[in-house]
Amino acid sequence: GAIFTLILILACISSSYAFWSTGHMIISRIAYEQLKEKNETLYNLIEEDIKLLQEFSVEVNHSFVEAAIWADDNKEIAFNQFTEWHYADTPVILPDFEGEVPYQPQNVTWGINEMVKTLSYTKTPKFNNSLALSFSWRYLLHLIGDIHQPLHASTMFSAQFPDGDMGGNLFMIDYEAEDMNNLHSLWDACVDQYGSIWAPLSDDEWTSIGEFADSIMKMYPRESVQARVDITDPRVWAKESFNLAKEVVYSDLKSGDKITPEYLKIGRKAVNEQLAVGGYRLADALLNLAQKRYSESIIKQKLQSS
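Keep in mind that what you see is a predicted model, and the values were worked out from it rather than measured.

### Remarks on the overall build of the protein chain
Helices and strands together make up the secondary structure of the protein chain, namely 13 helices and 2 strands. Over its C-alpha atoms the protein chain spans a radius of gyration of 19 Å, differing by no more than 12% from the 19 Å that the globule rule assigns to 306 residues. If one aligns the C-alpha atoms of the protein chain with their principal axes, the spans along those axes are about 65 × 45 × 35 Å. For the protein chain, the residues scored as buried account for 52% of the 306 residues in total. Within the protein chain, contacts between residues at least 6 apart in sequence are counted, and of these 77% link residues at least 24 apart. About 14500 Å² of surface is accessible on the protein chain, with carbon and sulfur atoms providing 54% of the total. The average position of the 25 basic charges and that of the 43 acidic charges among the side chains of the protein chain differ by 9 Å.

Written out as structure tokens, the structure is:
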């Protein structure tokens, strides 16, 4: 009925922010470092496309990294048509749940695949396709971050939450930080790590994001997680995050429980690996698309005009 419809609408709104801004920019900063090291020419071409929509953003000096939060920033101007792309509410069903779970036709894996289709289209367009390209690079930066946040790949259904807990948004916790009073917000905040940094980045904030990214890459060097990085199917990425939600995020926790130091320790370890793997996967996905998209002649033409 109307109440159930309202609940679904609220779920779409409130579960759409993943990793807040800091986590997203850490993932994109990892990809930035990887891309510049592997192929700076292709990185520059991607950034050039991304900057086409810079004037419609808060970005200043670091568009590639800052653009990772553009998809969330758009919600502040009521540009919400793409909200369901940010998550896949795969149900975590407790034994006491009775009923049916809602079907979500468009989700984060669908969104990633659609952006990839647009960026893989290399036929000569009949008109200027710059807007479509910039939009797609930007959303891909964001959605690959989203899919690595476990509570963007799950939602709990139980007797307490018969309509779902909105990806942990309704799952209240007892924790010292006032802005992290539910499970989703705690995991959006990388399990209370790295603070809250927003675009546009100051010079000091750019340095901080770089230090966070460097620290995570040292914790989880590419070679230590290469088996995971080699998986390119977003459906598998979502399944990994769903399993992490079941086994680590929700674990044996009950709504209202106090968050223990042990929970924080386990959660931070898990989320840091997700940030590293997400950054490496993002770099590889962008590089693969750029290699298809930019022919030798296009690269030569761009280099000559720059």
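### With respect to the confidence of the model for the protein chain
Segments scoring low in pLDDT should not have their predicted coordinates read at a detailed level. Here the protein chain averages 90 in pLDDT, and 90% of its residues register 70 or above. Considering only residues more than four positions removed or in separate chains, one finds that residues 1–17, a stretch of pLDDT under 50, has 29 contacts.

### Topic: helix α6 (residues 108–120)
For α6, with 13 residues, the first-to-last C-alpha span of 18 Å sits near the 18 Å given by 1.5 Å per residue. Of the residues making up α6, those classed as buried are Val108, Thr109, Gly111, Ile112, Met115 and Leu119. All buried residues of α6 lie within an arc of 160° about the axis, which places them on one face of the element. Contacts made by the buried residues of α6 are with α7 (130–146), α11 (234–250) and α12 (261–293).

### As for the nonpolar core
The biggest cluster of nonpolar side chains holds 89 residues, and the ones touching the most others in it are Ile46, Phe64, Leu183, Leu186, Trp187 and Leu286. If you tally residues by element for this core, the top one is α12, at 14 residues.

### Notes on the packing of aromatic side chains
One pass over the structure, following the stated rule, counts 11 aromatic pairs. Ring centres of tyrosine 32 and tryptophan 206 lie 5.4 Å apart, and the angle between their planes is 85°; on these two criteria the pair is classed as edge-to-face. Of this pair, tyrosine 32 sits in helix α2 (residues 20–38) while tryptophan 206 sits in helix α9 (residues 203–219), and the two are 174 residues apart along the sequence. Given a relative accessible area of 13%, tyrosine 32 falls into the buried group. Site record: aromatic cluster; members linked through ring pairs are Tyr32, Tyr43, Phe64 and Trp206. Sitting over the ring of tryptophan 206, arginine 29 keeps its end group 3.7 Å from the ring centre. We note arginine 138 situated over the ring of tryptophan 70; from NZ or CZ to the ring centre the distance is 5.0 Å.

### Here we look at the packing of helix α3 (residues 40–50) against α7
Viewed as axis vectors pointing N to C, α3 and α7 meet at an angle of 110°, and their least axial separation amounts to 8 Å. By the criterion of interaxial angle, the relationship of α3 to α7 is roughly perpendicular. Along its contact with α3, which presents Ile46, Asp49 and Ile50, the element α7 presents Leu133, Ser134, Trp137, Arg138 and Leu141.

### Some details on the side chain of histidine 184
Within the element layout of this structure, histidine 184 appears in helix α8 (residues 183–188). Owing to a relative accessible area of 1%, histidine 184 belongs among the buried residues under this scheme. At 2.6 Å, the side chain of histidine 184 forms a polar contact with the backbone oxygen of glycine 167.

### Comments concerning α7
With 17 residues, α7 extends 24 Å from end C-alpha to end C-alpha; this agrees with the ideal 24 Å at 1.5 Å per step. A large share of α7 lies buried, amounting to 14 of its 17 residues.

### Side note on the environment of leucine 170
Tracing the backbone through its elements, the reader meets leucine 170 in the loop between β2 (155–157) and α8. Measuring from C-alpha to C-alpha, the distance between leucine 170 and histidine 184 comes to 8.3 Å, with 14 residues separating the pair along the chain. Once residues lying within four places of it in the same chain are set aside, the contact partners of leucine 170 are Phe161, Gly164, Asp165 and Ser255.

So, how was this worked out
Residues numbered from 1 in each chain as written. Predicted model: local features only at pLDDT ≥ 70, side-chain atom pairs only at ≥ 80, totals over all residues. Heavy atoms only, no water. Helix = DSSP H or I, 4+ residues; strand = E, 2+ residues; numbered from the N terminus. Rg over C-alpha atoms; globule rule 2.2 N^0.38 Å. Buried < 20%, exposed > 50% of the residue type's maximum accessible area, 1.4 Å probe, protein only. Contact = heavy atoms within 4.5 Å. Areas by Shrake-Rupley, 256 points an atom, 1.4 Å probe, with all protein chains shown as cover. Lys, Arg positive; Asp, Glu negative; His and termini not counted. Charge placed at Lys NZ, Arg CZ, Asp CG, Glu CD. pLDDT = per-residue confidence, 0-100. Expected span 1.5 Å × (residues − 1). Arc of directions from axis to C-beta. Core = buried A, V, L, I, M, F, W, Y, C linked by side-chain atoms within 4.5 Å. Phe/Tyr/Trp six-rings, centres within 6.5 Å; stacked < 30°, edge-to-face > 60°. Lys NZ or Arg CZ within 6 Å of the ring centre and 35° of its normal. Axes fitted to C-alpha atoms, helices over the stretch in contact; angles between N-to-C directions. Parallel < 35°, antiparallel > 145°, perpendicular 65-115°, else oblique. Polar contact = N/O pair within 3.5 Å; in protein donor to acceptor, adjacent residues only side chain to side chain.

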